[in-house]
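Here is what each chain is made of, one letter per residue.
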Amino acid sequence: MKQYLILFLLAILIAFPSCTNEKSNQTKVIGVSQCSDDAWRRTMNSEMKREASFYPGIEIKIKTAHDSNQKQIRDIESFIADKVDLIIVSPNEAIPLTPVIEKAMQEGIPVVLVDRKISSGKYTAFVGADNYQIGKEVGVYTANLLNGKGNIAEIRGLNGSTPAVERHKGFMSIIQKYPGIQVVYQNDGGWLRKQAKERMTEALRKNIPIDLVFAHNDEMAAGAHEAITVSSGIKKPILLGIDALPGTEGGIQKVINGVLDATFIYPTGGEKAIQTAVHILNNEPYERDNALYTAVVDKTNARVLKLQTDQIIQHQNRIGQLNSVLDKNLAKYSSQRILLFSSLFILFLITVLLIMLIRAYSSKNRSNKILESQNIAINKQKEELSVQRDQLIVLSKNLEDATQAKLVFFTNISHEFRTPLTLILGPLDSLEKENLTPGGKRLIQLMRKNVHVMLKLIDQIIDFRRYENGKMQMYFTLSDLKSFVGEICDSFIEFGKKKHIHFSFTSSDEDFTLWFDSDKMEKICYNLLSNAFKFTPENGRIEVHLGKIQTNEDSFAQLTVSDNGMGISEHHAQSIFERFYKVDSRAAGSGIGLHLTKVLVELHNGNIGIKSEEGKGSTFTVQIPFKQKEIPIVEQYPNIKSSLVKEDDMLILESEEEISENINYQTDKPLVLIVEDNIDVRTFIKSLLADQFEIIEAPNGQVGLFKAMKFVPELIISDVSMDVMDGFELCKQIKENLSTSHIPVMLLTAFAQDEQRAIGFESGADAYIPKPFNESLLKIRVRKLIENREKVKTYFQKNLTFGERKENVTEIDKTFIDKFRKTIENKLIDSDLNVDEIGKSLGLSRVQLYRKIKSLTNYAPNELVRIIRLKASEQLLLKTEKSISEIAYETGFSSPSYFTKCFKEYFNESPTDYVKRIK
């Protein structure tokens, strides 16, 4: 392959020979800055472009300042910034342009001045006529025309430009020699025809005889001619100009047309400027000052000069055409040359590729034979690996199924543990109140402690299972993390004192209000602190610190838990957060505590880490962001499918009911229904409430629904997980049934997950207490639910409406009371209206109506009907002039005397006294 590479490089050199001389043939740029866009400078530009066309390596960029010093300065600075090779300048004014030209010289850029100089000698070369000499020539010519006597008006060029200054000096140096010649008017024409016309008009208005007008260029002389032409009654003076440009608008043509009497040739010097610039760029000898000479053009030689200049212009145009044709031919030649070399190069590459293909083909045949034998061996290995992969997949699936089965088993058994733990913790609460020996109390406390340890382990297993199934929900609240962590640490202070461990909590002064799930955060803190106390010896140290750190985009609350316990090695630290990982297999624990902690931290969009050194202690660091990008929203939980109770089922339940009910209807105790399938738990709850409440029991939801409809208790306490009908369905049926919808329902269950709570509240539960429950908490919740019902009844008795207590009344009950009221009001005049008729219209039996109205309002139905009639009669007494008898019959009372009796009992005064007092 080496010989092919050498041939390839040689081909490149042959195809592109000009590449080696690339630097020497680089185009050189000349920047041209003209002060104005008059005819003289347009002629100069044409000459420079034509002359530059003879030098292939020269490129010209022309910019015009339009008589603006600032514009010309910016143009020259742009040439300096572009690092042109040379600058040709025709300064607008000498003094303002001097600094920027000197700056170009300092940057190492040669500057050629054309026509005009600057106020210093810091330039490379000058090309232009001797303006002082031209002024003297004009002065001599003027003296001869005037024979040494006459008045002159001088219209000068732009003040500050060197041509105007030098022409004036040369002209005056001659005129001053002739006392008979007077310059009667001088002013600045700015090199422009219009401005010169205005100056000449101004001179003529002075009414001073003028024999000759000297304008510093032909354009201003033409402007003076226009001013003289429009003025009447004056003798036309002699008009002299400078430039003598060719062309129809040039000075020579103006002399022939009689506009000017004479003009002086002022050579543009464009060709000379380019020649000088090329000498400078090629480091060839050149003249620094290149003076161009002048001659007078008048009627004696104007036509001859016109013919000569026209021929020169024709030749110049012809040369331009030839240059254009030559450029096209050169471009065509260059393209054909590149095409030829490219074709040769491609042909060479094709040849090399063919040779390489031939060699590659023979090499491929040899390789194919080797690959074929290797492929056979690979396929054999592939088949073996495929069999092993299938075996691994089956093994992995079996392992995963076994793991899931274990998790399901542990989760279910954890739920089952809660019921016996309830029966342990409840009696322990009762025993604590007994007069026990100090030793007995210590045993009680030991048992209570271990029950809570078991509950913590059960919660971890359930949380772990919930996370594995993707059902762990986050309930973010905006809270103060500092006070939250402080309260948790306070609960460990006494424990630290007992173990003789120096325990402290510190925090920085920042505000730690942020979004977090308080339940999950409590578990994070508890697991980290329990782990620290577990592995820290007596007289050890545990420090908790809460601080704030800032990253590039977010800020985090950083919780650190440090101890000086036994510590772990770096190898163990890398795996400490893996599930079921234990540093010492003989140590107690499940191995899921720290893994669950890591999961809970990550659910907060945070991170957790550990730094530990064996024998020196460990530091756990938890970082929680102050701003959560997304706050999870809990999805709607599906409703449990209904299982309606039929009349046949009711009969079977009544016949199969094994629980005897001895209800004392004369007692003042509120009636409570306990629905629980575990007879021990049911008996225990009954023993807790029996002294304050009348108790009836049911072994499942279906029996519970029947007894609720039959006895209409003040409160229902129900387990959730039961056969036949579970607690959720029972609650739903209770709340949807008109005769029982007002009964408060408390769900009591071992299923303590958040999603189970959500389903319970969706079904209409009024309270939710997880097993194992605290005896005092259960009693308080039962008492408060019944008290709230009593408050609603009391409010209704006073106002005959639920008013602001509506939030404690279901929509079904509100609708029922409104319907009951409308039924009475529609039949208000009917004195025979009775409870049976009202119950029939509402779809309830007499007993059901009685229990419903009594539970909601604390009134019997007849009492409520009478109160509604009395309220209606009160309005008639106040708003009408009807008699008491008429009102009594109109509101359904059987006689005026009975009406008066009932009115006095309710309002504590007779109808007559009531009306007198009000009116």
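Source: prediction; values computed, not measured. (Residues numbered from 1 in each chain as written. Predicted model: local features only at pLDDT ≥ 70, side-chain atom pairs only at ≥ 80, totals over all residues. Heavy atoms only, no water.)

1. Side note on the overall build of the chain
- Assigned secondary structure in the chain consists of 29 helices and 24 strands.
- The contacts in the chain between residues at least 6 apart in sequence include a share of 70% that link residues at least 24 apart.
- Per element, the accessible surface of the chain, about 49800 Å² overall, is 53% carbon and sulfur. (Helix = DSSP H or I, 4+ residues; strand = E, 2+ residues; numbered from the N terminus. Contact = heavy atoms within 4.5 Å. Areas by Shrake-Rupley, 256 points an atom, 1.4 Å probe, with all protein chains shown as cover.)

2. Some remarks on the confidence of the model for the chain
- Across the chain, the average pLDDT comes to 80, with 86% of residues at or above 70.
- Residue range residues 633-662 is modelled with pLDDT below 50. Its contacts to residues more than four positions away, or to other chains, number 48 contacts.
- Between residues 803-807, whose pLDDT stays under 50, and residues either more than four places distant or in other chains, the model counts six contacts. (pLDDT = per-residue confidence, 0-100.)

3. Structural notes on the pairing of strand β17 (residues 555-563)
- Buried residues dominate β17, accounting for eight of its nine residues.
- As judged from the nine bridges shared by strand β16 (residues 541-550) and β17, these two strands associate in the antiparallel manner. When the bridges of β17 are listed, V544 appears paired with V561.
- Across eight bridges, β17 lies against strand β19 (residues 617-625) in antiparallel orientation. Paired with T560 across the bridge in β19 is T621. (Buried < 20%, exposed > 50% of the residue type's maximum accessible area, 1.4 Å probe, protein only. Pairing = 2+ DSSP bridges.)

4. Quick word on the sheet that holds strand β23 (residues 745-749)
- Read from one edge to the other, the open sheet built from five strands follows the order β21-β20-β22-β23-β24, with strand pairing classed as parallel. Of all the strands in the sheet, just β21 (694-698) and β24 (767-770) have a single pairing partner and so form its edges. Averaged over all adjacent pairs, the angle separating strand axes in this sheet is 20°, with direction ignored.
- Running at roughly 170° to β21, helix α18 (residues 679-689) makes contact with β20 (671-675), β21, β22 (715-718) and β23 of the sheet.
- Relative to β23, helix α20 (residues 727-736) is tilted by about 180°, and along the sheet it contacts β20, β22, β23 and β24. (Axes fitted to C-alpha atoms, helices over the stretch in contact; angles between N-to-C directions.)

5. With respect to the packing of aromatic side chains
- Per the stated rule, a full pass over the model turns up 14 aromatic pairs.
- Taking the centre distance of 5.4 Å and the plane angle of 50° together, the rings of F503 and F533 count as tilted. Highlighted residues: F503 in strand β14 (residues 502-507) and F533 in helix α14 (residues 518-534), separated in sequence by 30 residues.
- Given the relative accessible area of 16%, F503 is considered buried.
- According to the relative accessible area criterion, F533 is buried, its value standing at 2%.
- Three or more aromatic residues joined by ring pairs form one cluster here, namely F492, F495, F503, Y526 and F533.
- The cationic tip of K63 hangs over the ring face of F79; the distance from NZ or CZ to the ring centre is 5.0 Å. (Phe/Tyr/Trp six-rings, centres within 6.5 Å; stacked < 30°, edge-to-face > 60°. Lys NZ or Arg CZ within 6 Å of the ring centre and 35° of its normal.)

6. What about helix α19 (residues 701-711)?
- Among the 11 residues in α19, nine count as buried, and that is most of the element.
- Here α19 has its buried residues at G701, Q702, V703, G704, L705, F706, K707, A708 and F711.
- Backbone nitrogen of Q702 and a side-chain oxygen of the N-cap are separated by 3.1 Å at the start of α19; the cap is N700.
- V712 sits one or two residues past α19 and shows a positive phi near 45°. (Polar contact = N/O pair within 3.5 Å; in protein donor to acceptor, adjacent residues only side chain to side chain.)

7. Side note on the side chain of S33
- Along the chain, S33 turns up in strand β1 (residues 28-34).
- Polar side-chain contacts of S33 include one of 3.2 Å to the side chain of Q72.

8. A word on helix α29 (residues 911-918)
- Those residues of α29 that sit buried are P911, Y914 and V915. On an axial view of α29, the arc spanned by its buried residues comes to 95°, and they lie on one face. Residues K916 and R917 are exposed on α29 and point more than 90 degrees away from its buried face.
- As for α29, its buried residues are in contact with α26 (861-879), α27 (884-890) and α28 (896-907). (Arc of directions from axis to C-beta.)

9. Some thoughts on unusual backbone geometry
- Within the chain, N207 stands out as a residue other than glycine whose phi angle is a positive 60°.
- Turning to its location among the elements, N207 is positioned in the loop between α7 (193-205) and β8 (212-215).
- By relative accessible area, N207 is classed as exposed at 67%.
- One non-glycine residue, N283, lies in positive phi territory at about 55°.
- Its place among the elements puts N283 in the loop between α10 (270-281) and β11 (289-292).
- Residue class for N283 comes out exposed when judged on its relative accessible area of 73%.

10. Structural notes on a nonpolar patch on the surface
- A grouping of I346, I350, L354 and L357 is seen on the molecular surface, where their side chains present a nonpolar patch of about 390 Å² in accessible area.
- Relative to the elements of secondary structure, L357 occurs in helix α11 (residues 302-432). (Patch = residues over 30% accessible without salt bridge, like charges linked within 9 Å, V, L, I, M, F, W, Y side chains within 5 Å. Salt bridge = Lys/Arg side-chain N within 4 Å of Asp/Glu carboxyl O.)

11. Some remarks on the packing of helix α23 (residues 811-826) against helix α24 (residues 835-842)
- Relative orientation of the contacting elements α23 and α24 amounts to 130°, with a least axis distance of 11 Å. As far as their axial angle goes, α24 and α23 are oblique. Our pair here, α23 against α24, has a crossing hand that is right-handed. For the pair α23 and α24, contact is made by F816, K819, F820, T823 and I824 and by I838, S841 and L842, respectively.
- Taken together, the residues of the contact of α23 with α24 sort by class into five nonpolar, two polar and one charged. (Parallel < 35°, antiparallel > 145°, perpendicular 65-115°, else oblique. Left-handed = near helix turned anticlockwise from the far one by under 90°. Nonpolar A, V, L, I, M, F, W, Y, C, P; charged D, E, K, R; others polar.)

12. Side note on the state of the cysteines
- Summed over all chains, the structure comprises zero disulfides.
- Cysteine C525 remains unbridged, with the sulfur of C489 as its closest cysteine sulfur at 6.9 Å.
- Judged by relative accessible area, C525 falls into the buried class, the value being 3%. (Disulfide = S-S within 2.5 Å.)

13. Points about empty space enclosed by the protein
- Summed over the entire model, instances satisfying the criterion amount to four cavities of 30 Å³ or more.
- Taken as a whole, the largest cavity spans an internal volume of roughly 180 Å³.
- Along the wall of the largest cavity there are 19 residues; nearest its centre are D38, W40, R41, N217 and D243.
- Broken down by secondary-structure element, the contributors of at least two residues to the lining of the largest cavity are α2 (39-52), α6 (162-175), α8 (218-230) and α9 (251-256).
- A total of three residues in the lining of the largest cavity trace back to one element, the largest contributor, which is α2.
- The residue makeup of the lining of the largest cavity, split by class, is six nonpolar, three polar and 10 charged.
- Reported here for the second largest cavity is a volume of approximately 50 Å³.
- Counted by class, the lining of the second largest cavity contains eight nonpolar, no polar and no charged residues. (1 Å grid on protein atoms, 1.4 Å probe; cavity = no way out; pocket = protein on both sides within 12 Å on 5 of 7 lines; lining within 4 Å. Points joined across faces, edges and corners; volume = space filled by probe spheres on them.)

14. So, the environment of T621
- When you line up the elements, T621 lands in strand β19.
- Using a relative accessible area of 21% as the deciding quantity, one classes T621 as partly exposed.
- With 14 residues separating them along the chain, T621 and N607 place their C-alpha atoms 8.2 Å apart.
- Residues contacting T621, with those up to four places away along its chain left out, are Q558, L559, T560, N607, I608 and G609.

15. What to know about the sheet that holds β16
- Pairing is mixed across the open sheet formed by five strands, whose spatial order is β14-β16-β17-β19-β18. With partners counted over all chains shown, the strands left at the sheet margins are β14 and β18 (607-613), one partner each. Here the strands of the sheet are splayed against their neighbours by 15° on average, with no regard to which way each runs.
- Inspection of the sheet shows β14 paired to β16 by six bridges, in the parallel sense. Among the inter-strand pairings, S507 is bridged to a residue of β16, identified as L546.

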